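# Survey of secondary and tertiary structure
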Amino acid sequence: LVEMYSKLGRSEDAHKVMKDALKEFRGTHEEMKIILAECDLLLESGKVKKALGKLETVGRDSPYFATCRTAIADIYLKKLGNKEKYAQCYMEIADKEPSVKNLITLGEAFMQIQDPARAISAYENALRLNPRDGQLPSKIGKALISTHDFHRAVDYYERSVRNDPTNLLLQYELAELYFKLRRYD
């Protein structure tokens, strides 16, 4: 209902429904969804700092910490153009829980802001946690190529193909790299 009021330009009605929803769902599992929706409404109204303030109240011990940090990161990148704060949000998520998924997400965040060196580090940390992941070597290889460190990229791909000769994706990407480098042999 809030979304529809917002699309119709009835922001006063949207804010009233949002206030009622916040009161109704306080303390439930749905509360975070309402808070995120409220932040979207605030962002539509141009109240970026207020939206950030609401999201930053969620602590590290909350089960919604990662969700809120992701929303904050999105605001920093898309609304404020602050790449470092964007990356910091993902670093906080990975620091709190250094899982393979969170480290990959951190690497992708670094790639989003065109910082492949830090992306490589995040991907390598994820690969240490899960050495059997067939996609991570590809991500690392692509990040190395984006740094224009082609010699290191070739070495990395060759080593990865030797370690897992059944990974056809890595073989294909290595062949593509050889082709770009005009190493046709």
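Reference entry: report on the structure contained in this document. Computed from a predicted structure; not experimentally measured.

Criteria and cut-off values
- Residues numbered from 1 in each chain as written.
- Predicted model: local features only at pLDDT ≥ 70, side-chain atom pairs only at ≥ 80, totals over all residues.
- Heavy atoms only, no water.
- Helix = DSSP H or I, 4+ residues; strand = E, 2+ residues; numbered from the N terminus.
- Rg over C-alpha atoms; globule rule 2.2 N^0.38 Å.
- Buried < 20%, exposed > 50% of the residue type's maximum accessible area, 1.4 Å probe, protein only.
- Contact = heavy atoms within 4.5 Å.
- Lys, Arg positive; Asp, Glu negative; His and termini not counted.
- Charge placed at Lys NZ, Arg CZ, Asp CG, Glu CD.
- Phe/Tyr/Trp six-rings, centres within 6.5 Å; stacked < 30°, edge-to-face > 60°.
- Salt bridge = Lys/Arg side-chain N within 4 Å of Asp/Glu carboxyl O.
- Core = buried A, V, L, I, M, F, W, Y, C linked by side-chain atoms within 4.5 Å.

## Re the overall build of the chain
- A count of helices and strands for the chain gives 11 helices and zero strands.
- Along the chain direction, N to C, the helices and strands of the chain fall in the order α-α-α-α-α-α-α-α-α-α-α.
- The globule rule puts the C-alpha radius of gyration for 185 residues at 16 Å, and the 21 Å found for the chain is more than 25% above it.
- Over its C-alpha atoms, taken along the principal directions, the chain stretches across nearly 70 × 30 × 25 Å.
- Counting all 185 residues of the chain, 38% fall into the buried class.
- Taking the contacts inside the chain whose residues are at least 6 apart along the sequence as the reference set, 39% of them involve residues at least 24 apart.
- Charge centroids of the chain, computed over 30 positive and 28 negative side chains, lie 3 Å from each other.

## Considering the packing of aromatic side chains
- Scanning all chains against the criterion turns up two aromatic pairs.
- Relative to Tyr184, the ring of Phe179 has its centre 5.6 Å away and its plane inclined at 65°; by these criteria the two rings are edge-to-face. Grouping residues by exposure puts Phe179 and Tyr184 together as exposed.

## A closer look at the pattern of salt bridges
- Summed over all chains, the structure comprises 14 salt bridges.
- A salt bridge links Asp13 to Arg10; the nearest nitrogen and oxygen atoms lie 2.8 Å apart.
- Residue classification places Asp13 among the partly exposed positions, given a relative accessible area of 27%.
- For Arg10, a relative accessible area of 40% puts it in the partly exposed group.
- Put simply, Glu108 and Lys139 hold a salt bridge, and the shortest N to O gap is 3.0 Å. You can see Glu108 sitting in helix H7 (residues 100-112) and its partner Lys139 sitting in helix H9 (residues 136-146), a full 31 residues away along the chain.
- Of the residues examined, Lys139 reaches a relative accessible area of 26% and is grouped as partly exposed.
- Salt bridges here are not isolated pairs; linked through shared partners, they connect Glu84, Asp115 and Arg118.

## Quick look at the nonpolar core
- Core analysis: the largest hydrophobic core is formed by 55 residues, its most contacted members being Ile75, Tyr86, Tyr90, Leu106, Leu136 and Ile140.
- Looking at which element gives the most residues to this core, the answer is helix H3 (residues 31-44), with seven residues.
- Those residues within four positions of Leu106 in sequence are excluded, and the remaining contacts are Ala87, Tyr90, Met91, Ala94 and Ala122.

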